[in-house]
Amino acid sequence: MDQHLVVVGGGMVAHRLVEALRDRDADGAWRVTVLAEEPRAPYDRVALTSYFSGRNAEDLSLGQPELWEDPRVRLVRDTTVTAIDRAARTVTARRNDTDHVTSYGYDALVLATGSSAAVPPVEGTDLPGVFVYRTVDDVAALRGWVEERAARWKRPVRGAVVGGGLLGLEAAGALQALGAQSTVIQFGPRLMPLQVDEGGGEALRRLINATGVAVRLNTSTTALRPGRDGAVRRMDFANGGRLDVDVVVLATGVRPRDELARAAGLPVGQRGGVVVDEACRTEDPAVWAVGEVACIDGSCIGLVAPGYAMAEVVVDRLLGGAAVFPGADTATKLKLAGVDVASFGDAFAATPGALELVHADPVAGIYTKIVLSDDASTLLGGVLVGDASAYASLRPMLGRRLEGDPGAYILPEGAGSAGRPQTALPDDAAVCSCNNVTAGTVRAAVTEHGCTDLGAVKACTRAGTSCGSCLPLVKKLVTTELEKSGVTVSTALCEHFDLSRAQLFDAVRVSGLRTFSEILARHGRQDLPAAARGCDICKPVVGSILGSLGAGHVLDGENATLQDTNDHVMANLQKDGSYSVVPRMPGGEVTPEGLIVVGEVARDFGLYTKITGGQRIDMFGARLEQLPAIWRRLVDAGFESGHAYGKSLRTVKSCVGSTWCRFGVQDSVALAVELELRYRGLRSPHKIKLGVSGCARECAEARAKDVGVIATDKGWNVYVGGNGGFTPRHAQLLAEDLDTETLVRTIDRFLMYYVRTADRLQRTAPWIEDVEGGLDGVRAVVMDDSLGIAADLDAAMAAHVENYTDEWRATLDDPEKLARFASFVNAPTTPDPSLAYVPERGQVRPATAAERAQHSAARADGPGGVSEPRAGAVLVAGTTLEVRR
């Protein structure tokens, strides 16, 4: 029996439907045609914001490309379906930008057309510079607009986002990632009004402001006005206010794309969407609807997890099953770097008799709330702002009884002696809502299917393969189940070493070995062939361990073969093949003379400059052979390597402190400078960042750092375990009211304990969780010397401080090391004159006489010469090598 399924739409839900059908249709009863409007295969729209962090459209592709190579699956891209003939069971589709029309017959039709961005009825929304935020093409156009104008105007682009919901805040973060100023315009009284309550909204506003994004609440936009060039230049508000802008993003919601269904005579909901029953079937038994276009139980659901559930229901029905839609999991998490927000279940306590349990810490920027049944035992929902670490374990417990004191679930992780309760999840508890994977399914992958690591469980169950927020919980379940089964959970570093990183660190420290060959011979696997010389995992780890133990310059002898690309050249490789150079500015402090030197170096070498979040200046666009010359200028002016390339101390951020600020109670700048000079060059399992604030106003954002110090009238409070990145964490209080000497000793021990015992690439936050006893266990070692190793930790840090040398200066003093810095083997000091380096983003390097002559001659030669920069091209920071023959 050969039946034909036609899917209209090529988004995430359509992909899940086709993938599920191919996995479960063992008899090959169905062949599938997917008609996709976009010119690319289905991609992860949830991760669109990551496009501004270097990912491209291909990186966002979903699943395995082999799916579209299946002979029973056909993906027709760049095609718009124009009509449905329900009587003849055909759809008519037109190839985009052509008149070519094709008709497709179907036995079953699934509408997965999703939704489109809602455009508010405001004058000027059609102006150039006004964008929606829905597809890869949308975000690519936005990125191009911002980068082109920043390069042309030599100033930050002024951006605004209309809409303060989940999508609006992500769009604001995207603008900020492009270097634009960003303001969120919200009509209502709080941000994310569908997910967080009033208290959570206020905490969220503070956190968003702290990232540098401005917020205007209770503000209605009445018009967008053009400038002289016809592009958007101003926003007018109902209250008489106005805002100068260069780009506007509309993020005011979405509308289901139900126009095909309407034209075909299918019922639609009062507020749009194709009406379907619990089987996701429309009034026509041959037509189904899934995802954002489906109106089920009177509403459309704009989240991916319910759409995936609908896709699974339809597949089950097509194969003769009787599945029904299980209901919508409306849990959400904000994907804006530096802001941690989650909402799940009955977040607004709408259930009769519901109780709200709230913990708020405005100073730390934390607001957590759980909603309980009237007997304070059953979890109904929650809101987590500022610290969403409990999200993964709480969400699966919806509708279930919480063990122990419910209040312990909303306290910061590690707070109190008992810590957060660890409730064993029932087998039917949903762990991965995106893929509808339960705790029992994860456990069965281990016990019944022989999966022995996280990667195998992901492949077997699909848990964690979508948004990834459930991975920490999945990993815990896997580890627990392996241990219960009597399986020893391997902590081996890689195939070459059976030791963990911490074990290898101790082995190298005790044995005194100082080369990779010796370490591999003594502590590596003895059953490996002699040709085995390590891998990309163990070599950088050993290099880091040797660096922590003071085993010489990163380019000395075998050390040079162990380093990652950035460490190998002591600069950060950029996407265009150039490098960035970051000199150290301890505590953000720099003299006027130093600023002048940095500016002159950037000007003379044509480098793009940017103030970083760590209070120093980054210079982009240097070529490999230019690095020593740049370093020489900086070193001669008193600068040294800022180690922006290494897994080591990056920066110690500070406010201006009591020296200048009228609120400051301690000299935060002096302490920040002291700490940065003390810990500079300290190699560690991952990068380390510190912050020092001169008062409780916390202008240095110290609680977002691995070690944060906040001044009090009595001394210093020290916080540990704050991290940015993909899983932001707020630091936790380690000790209070310390004098400066005790504070420095405490940080010494904390950092050295971390360096010695953390796993490979493990940040301080997860390391603290892994330490026996959590934060209390770390405190016992650092403050009370519970392991009797305090003197050893003190001595190790003292040795580091005493033996520190600047890697840039040491390289400049060694001709053998300098010989490594050449872009071309046949031109070690001068680039090939037939190559033209095209400047970007307005960073113009003065051409040499030879380059000017070469360029003029090439242009005179006609098409065979060196090309000029393309007009209107949107290019990244730095320099691009452009060659024409």
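Residues numbered from 1 in each chain as written. Predicted model: local features only at pLDDT ≥ 70, side-chain atom pairs only at ≥ 80, totals over all residues. Heavy atoms only, no water.

## As for the packing of helix α1 (residues 12-24) against helix α6 (residues 304-318)
Turning to step 1, where the next piece is worked out: At a minimum axis separation of 9 Å, α1 and α6 run at an interaxial angle of 35°. Two packed elements cross with a definite hand, and for α1 against α6 that hand is right-handed. Every residue of α6 that contacts α1 at Met12, Val13, Arg16, Leu17, Ala20, Leu21 and Arg24 is listed here: Val304, Gly307, Tyr308, Ala311, Glu312, Val314, Val315 and Asp316.
Turning to step 2, where the next piece is worked out: Tallied by class, the residues present in the contact of α1 with α6 amount to 10 nonpolar, 1 polar and 4 charged. (Axes fitted to C-alpha atoms, helices over the stretch in contact; angles between N-to-C directions. Helix = DSSP H or I, 4+ residues; strand = E, 2+ residues; numbered from the N terminus. Left-handed = near helix turned anticlockwise from the far one by under 90°. Contact = heavy atoms within 4.5 Å. Nonpolar A, V, L, I, M, F, W, Y, C, P; charged D, E, K, R; others polar.)

## Details of the sheet that holds strand β25 (residues 366-372)
Turning to step 1, where the next piece is worked out: With antiparallel pairing, 5 strands are arranged side by side in an open sheet as β22-β23-β26-β25-β24. Strands with a single pairing partner mark the edges of an open sheet, and in this sheet they are β22 (332-333) and β24 (355-361).
Turning to step 2, where the next piece is worked out: Looking at chain direction, strand β23 (residues 341-345) and strand β26 (residues 379-385) are connected through 5 bridges and run antiparallel. Bridging across to β26, Ser343 finds its partner in Val383.
Turning to step 3, where the next piece is worked out: The strands touched by helix α4 (residues 198-210) within the sheet are β23, β25 and β26, with β26 carrying the most contacts at an inclination of about 25°. (Pairing = 2+ DSSP bridges.)

## Things to note about helix α18 (residues 740-757)
Turning to step 1, where the next piece is worked out: For α18, spanning 18 residues, the distance from its first C-alpha to its last is 26 Å, which sits close to the expected 26 Å at 1.5 Å a residue.
Turning to step 2, where the next piece is worked out: Buried residues dominate α18, accounting for 14 of its 18 residues.
Turning to step 3, where the next piece is worked out: For α18, the side-chain oxygen to backbone nitrogen distance between the N-cap and Glu741 is 3.1 Å, and the N-cap itself is Asp739. (Expected span 1.5 Å × (residues − 1). Buried < 20%, exposed > 50% of the residue type's maximum accessible area, 1.4 Å probe, protein only. Polar contact = N/O pair within 3.5 Å; in protein donor to acceptor, adjacent residues only side chain to side chain.)

## Considerations on the confidence of the model for the chain
The predicted structure's coordinates, where accompanied by low pLDDT, should not be read in detail.
Turning to step 1, where the next piece is worked out: When the pLDDT values of the chain are averaged, the result is 85; 88% of them are 70 or greater.
Turning to step 2, where the next piece is worked out: Mean pLDDT values over the elements of the chain span from 36, in strand β39 (residues 879-882), up to 97, in strand β7 (residues 108-111).
Turning to step 3, where the next piece is worked out: With pLDDT under 50 throughout, residues 841-885 is counted as low confidence; its partners more than four residues away or in other chains account for 84 contacts. (pLDDT = per-residue confidence, 0-100.)

## With respect to the environment of Val213
Turning to step 1, where the next piece is worked out: Among the secondary structure elements, Val213 is positioned in the loop between α4 and β12 (214-216).
Turning to step 2, where the next piece is worked out: Between the C-alpha atoms of Val213 and Val184, which are 29 residues apart in sequence, the distance is 7.3 Å.

## Concerning helix α16 (residues 627-636)
Turning to step 1, where the next piece is worked out: Those residues of α16 that fall on the buried side of the exposure criterion are Leu627, Pro628, Ile630, Trp631, Leu634 and Val635. Buried residues of α16 fall within an arc of 155° about the axis and therefore sit on the same side.
Turning to step 2, where the next piece is worked out: Following α16 by one or two positions, Gly638 adopts a phi angle in the positive range, close to 100°. (Arc of directions from axis to C-beta.)

## A word on the pattern of salt bridges
Turning to step 1, where the next piece is worked out: Scanning the model with the defined rule gives 56 salt bridges in all.
Turning to step 2, where the next piece is worked out: Of the charged contacts, one joins Arg16 and Glu312 as a salt bridge, the two residues approaching to 3.8 Å between their closest N and O atoms. Remark: Glu312 occurs in helix α6 and Arg16 occurs in helix α1; sequence separation between them is 296 residues.
Turning to step 3, where the next piece is worked out: Judged by relative accessible area, Arg16 falls into the buried class, the value being 4%.
Turning to step 4, where the next piece is worked out: Take Glu312: its relative accessible area is 21%, and that puts it in the partly exposed class.
Turning to step 5, where the next piece is worked out: The closest approach of N and O atoms between Asp246 and Arg233, which form a salt bridge, is 3.7 Å. One end of the pair, Asp246, is in the loop between β15 (242-244) and β16 (247-250); the other, Arg233, is in strand β14 (residues 232-237), and 13 residues separate them in sequence.
Turning to step 6, where the next piece is worked out: Counted as one network, the salt bridges with shared partners bring together Arg16, Glu19, Asp23, Arg24, Glu312, Asp316 and Arg462. (Salt bridge = Lys/Arg side-chain N within 4 Å of Asp/Glu carboxyl O.)

## So, the environment of Val274
Turning to step 1, where the next piece is worked out: With respect to the helices, strands and loops of the structure, Val274 is situated in strand β18 (residues 274-276).
Turning to step 2, where the next piece is worked out: Those residues in contact with Val274 that lie beyond four places of it in its chain are Leu111, Asp258, Ala261, Pro267, Thr282, Ala289, Val293, Ala294 and Cys295.

## Considering the packing of helix α17 (residues 668-679) against α18
Between two packed helices, what matters for the description is the angle formed by their axes and the separation of those axes.
Turning to step 1, where the next piece is worked out: Close contact between α17 and α18 brings their axes to 12 Å; oriented N to C, the two are set at 35°. The chirality of how α17 crosses α18 is right-handed. Here Leu671, Glu674, Leu675, Arg678 and Tyr679 of α17 lie close against α18, whose contacting residues are Thr740, Leu743, Val744, Ile747, Asp748 and Leu751.
Turning to step 2, where the next piece is worked out: Counted by class, the contact of α17 with α18 contains 7 nonpolar, 1 polar and 3 charged residues.

## A short note on the sheet that holds β16
Turning to step 1, where the next piece is worked out: Spatially, the 5 strands line up as an open sheet ordered β9-β16-β10-β11-β12, and their pairing is parallel. The open sheet has two edge strands with one neighbour each: β9 (130-132) and β12. Here the strands of the sheet are splayed against their neighbours by 25° on average, with no regard to which way each runs.
Turning to step 2, where the next piece is worked out: Sheet analysis places strand β10 (residues 158-162) next to β16, joined by 4 bridges and oriented parallel. Pairing of Val162 across the sheet is with Leu250, part of β16.
Turning to step 3, where the next piece is worked out: Helix α3 (residues 166-177) contacts β10, β11 (181-185) and β16 of the sheet and is inclined by roughly 170° relative to β10.

## Some thoughts on the pairing of strand β1 (residues 3-8)
Turning to step 1, where the next piece is worked out: Within β1, 6 of the 6 residues are buried, which leaves it mostly tucked inside the rest of the structure.
Turning to step 2, where the next piece is worked out: Alternating residues of β1 divide into Gln3, Leu5 and Val7 and His4, Val6 and Val8, and every residue in both groups is buried.
Turning to step 3, where the next piece is worked out: Across 6 bridges, β1 lies against strand β2 (residues 30-35) in parallel orientation. When the sheet's bridge partners are listed, Val7 is paired in β2 with Val34.
Turning to step 4, where the next piece is worked out: Read as a crossover between parallel neighbours, the route from β1 over α1 to β2 is right-handed.
Turning to step 5, where the next piece is worked out: By the bridge criterion, 4 bridges tie β1 to β7 in an arrangement that is parallel. (Right-handed = clockwise from strand over helix to strand, strands pointing away.)

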